[in-house]
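# Architecture and fold: a report
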Amino acid sequence: MSPFFCLCSTGSDVACCYWICCSGGLELLCDSVKMHNVNVDLENGLEQLTMKDLLAWARTNLIKERPEMFMKGDTVRPGVLVLVNDCDWELSGQLDTTLQEKDVVVFISTLHGG
Amino acid sequence: MEEGNKIPKSASSRLCCRCNERKPALKRPKTLEQICRKCFYEVFEEEIHQVIVGNQLFKAGERVAIGASGGKDSTVLAYVMSELNRRHNYGLDLFLLSVDEGITGYRDDSLETVKRNEVQYGLPLKIVSYKELYGWTMDEIVKVIGLKNNCTFCGVFRRQALDRGAAYLKVDKLVTGHNADDIAETVLLNILRGDVARLSRCTSITTGEDGPIPRCKPFKYTYEKEIVMYAYFKKLDYFSTECIYSPNAYRGFAREFIKDLERIR
């Protein structure tokens, strides 16, 4: 089992989303469900969803407990890696990364024993 | 300081800084370079090889036990050591050595992972348990001492357990997956506690040369993020969960602090 959960979302119509959660890791924060299909609505006036929006949305709608294990302030807790379409989000501007339809977002926690 | 420019995800205006051909997959925390997957595998493995060779960690013909918990560091360590041993002809006999502390819901699951690693990497596995060695599981110990100082007890028992397992396997050396982040935390921990004795020893790449089994840390200079990314891209099988007794550990504060510092770098 892999130690991450994955979210694929769109900002508009078609939702094609899934989360893959890991054993004993971040999945515990969302009812231990591995994969979710989510549909994130854009707020009025916004053209595209950014990671910042997605995180805020996830905190409200997906994380069922202990949000402080996943997020700190506006961004992920230090020690949580984020990949958008298998690329480090540090390459695409972190919170400013814009998301498109069928994008895949993966969160990997490094905060456990090795 | 991190660059502020946004890189349009689809445009890939930047290419891997090493090969200049492929799209970068990650930003290395070690060097802040943008690097593609293939180049990342190469530099990751080559740097570890250089650490091994440069610090003369092994001699040909040695029997080496890899402390394996089923977690990210030890799984990647077993994979990389296996690979480098083959590629560079280190001439080592490698084994997996696991410790079962008897922590329900944590260790029992991760040991299943090590058993899979035994098959996946073709390395013989030995498991030593606190129950067999000491007559106590960690769960039983915690029931008696409460939720304080658990890591202190466990750490002492674990070191002995590893020595005993290593002696059973008749190995010359033990390697563990302690990475650069772990060592940074340990340095900070020792400063905060004023433990000068430990502070002077804790960054040595090889320790215990005067004891029964010397131990070394090939991942001493390897960043945790890179270990995790390597495991992710290579789809290595590992188990990840926090030990149920760790939320009370002091190390957690050091870790949080260092991660926060890294973020503002």
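Just so you know, these numbers come straight off a predicted model, no measurement behind them.

For chain B, the helix and strand inventory stands at 10 helices and 8 strands. Computed over the C-alpha atoms, the radius of gyration of chain B is 19 Å, within 12% of the 18 Å expected from 2.2 N^0.38 for a compact globule of 265 residues. Based on the C-alpha atoms only, the size of chain B along its principal axes is roughly 60 × 40 × 35 Å. Looking at chain B as a whole, 51% of its 265 residues are labelled buried. Within chain B, contacts between residues at least 6 apart in sequence are counted, and of these 72% link residues at least 24 apart. By element, 54% of the accessible surface of chain B is carried by carbon and sulfur atoms, the whole surface being about 13,000 Å². Side chains of chain B give 42 positive and 36 negative charges; the mean places of these two sets differ by 2 Å.

Here the focus is unusual backbone geometry. Residues other than glycine seldom take positive phi values, yet Asp86(A) does so here, at roughly 65°. Tracing the backbone shows Asp86(A) in the loop between β5 (80-84) and β6 (87-88).

Moving on to the pairing of strand β3 (residues 63-67) of chain B. All names here are of chain B. Counting buried residues along β3, 4 of its 5 residues qualify, which places the element largely inside the surrounding structure. Here β3 pairs with strand β4 (residues 93-100) via 5 bridges, running parallel. If you follow Gly67 over to β4, its bridge partner there is Leu97. You can see the chain leave β3, run along helix α2 (residues 72-87) and come back into β4, and the turn it takes is right-handed.

Time to look at the interface of chain A and chain B. Listed as interface residues are 37 residues of chain A and, on the opposing side, 35 residues of chain B. Here chain A and chain B share an interface that buries about 3,100 Å² over both sides, 51% of which is from carbon and sulfur atoms. Here chain A and chain B share 6 salt bridges between them. Glu90(A) is the partner of Lys225(B) in a salt bridge, and the nearest nitrogen-oxygen pair spans 3.1 Å. Summed over the shared surface of chain A and chain B, the result is 9 residue pairs in polar contact (both at pLDDT 80 or more). Residue assignment for the side of chain A that touches chain B shows that the elements contributing at least two residues are β4 (75-76), β5, β6 and β8 (103-109) of chain A. For the side of chain A that touches chain B, the residue count by class is 15 nonpolar, 15 polar and 7 charged.

Turning our eyes to something else, we now look at the UniProt feature "domain: tRNA(Ile)-lysidine/2-thiocytidine synthase N-terminal" (unreviewed entry) in chain B. Mapped onto this numbering, the UniProt entry gives "domain: tRNA(Ile)-lysidine/2-thiocytidine synthase N-terminal" (unreviewed entry) at residues 64-248 of chain B. For residues 64-248 of chain B, the end-to-end C-alpha separation is 33 Å, with 51% helix and 13% strand making up the annotated structure.

Taken together, the buried positions of helix α1 (residues 51-61) of chain A are Met51(A), Leu54(A), Leu55(A), Trp57(A) and Ala58(A). For α1(A), the buried positions fall inside an angular range of 165° around the axis, keeping them on one side.

The topology assignment puts Glu224(B) in helix α9 (residues 224-233). Judged by its relative accessible area of 1%, Glu224(B) is buried. Of note is the side chain of Glu224(B), whose polar atom sits 3.2 Å from the side chain of Lys72(B). Those residues within four positions of Glu224(B) in sequence are excluded, and the remaining contacts are Thr110(A), Lys72(B), Asn179(B), Asp181(B), Asp182(B) and Lys259(B).

Once that is clear, we can look at the UniProt feature "binding site: ATP" (unreviewed entry) in chain B. All names here are of chain B. UniProt records the feature "binding site: ATP" (unreviewed entry) at Gly67, Ala68, Ser69, Asp73, Val99, Gly177 and Asp182, using the numbering of this structure. Of note is the side chain of Ser69, whose polar atom sits 3.1 Å from the backbone nitrogen of Gly71. By the element assignment, Asp182 lies in helix α7 (residues 180-193). Among all residues touching Asp182, those that are not within four sequence positions of it are Asp73, Gly177, Glu224, Arg251 and Arg255.

Residue and element names in this part refer to chain B. Under the criterion given, the structure shown has 14 aromatic pairs over all chains. For the ring pair Phe44 and Tyr230, a centre distance of 4.4 Å and an interplane angle of 20° mean the geometry is stacked. Here the residue Phe44 occupies a position in helix α1 (residues 37-54), and Tyr230 occupies one in helix α9, the gap between them amounting to 186 residues. Here Phe44 and Tyr230 have matching classes, each one buried. Centroid distance Tyr79 to Tyr230: 6.1 Å. Interplanar angle 65°. Geometry classified as edge-to-face. With Tyr79 in helix α2 and Tyr230 in helix α9, the pair connects residues that are 151 residues apart, well separated along the chain. Assessed through its relative accessible area of 22%, Tyr79 is described here as partly exposed. Geometry around Tyr41 places Lys234 over its ring, the cationic atom sitting 4.4 Å from the centre.

Cut-off values and rules
Residues numbered from 1 in each chain as written. Chains lettered and ligands numbered in written order. Predicted model: local features only at pLDDT ≥ 70, side-chain atom pairs only at ≥ 80, totals over all residues. Heavy atoms only, no water. Helix = DSSP H or I, 4+ residues; strand = E, 2+ residues; numbered from the N terminus. Rg over C-alpha atoms; globule rule 2.2 N^0.38 Å. Buried < 20%, exposed > 50% of the residue type's maximum accessible area, 1.4 Å probe, protein only. Contact = heavy atoms within 4.5 Å. Areas by Shrake-Rupley, 256 points an atom, 1.4 Å probe, with all protein chains shown as cover. Lys, Arg positive; Asp, Glu negative; His and termini not counted. Charge placed at Lys NZ, Arg CZ, Asp CG, Glu CD. Pairing = 2+ DSSP bridges. Right-handed = clockwise from strand over helix to strand, strands pointing away. Buried area = accessible area lost by both parts, 1.4 Å probe. Salt bridge = Lys/Arg side-chain N within 4 Å of Asp/Glu carboxyl O. Polar contact = N/O pair within 3.5 Å; in protein donor to acceptor, adjacent residues only side chain to side chain. Nonpolar A, V, L, I, M, F, W, Y, C, P; charged D, E, K, R; others polar. UniProt positions renumbered as here; feature names shortened; annotations may be inferred. Arc of directions from axis to C-beta. Phe/Tyr/Trp six-rings, centres within 6.5 Å; stacked < 30°, edge-to-face > 60°. Lys NZ or Arg CZ within 6 Å of the ring centre and 35° of its normal.

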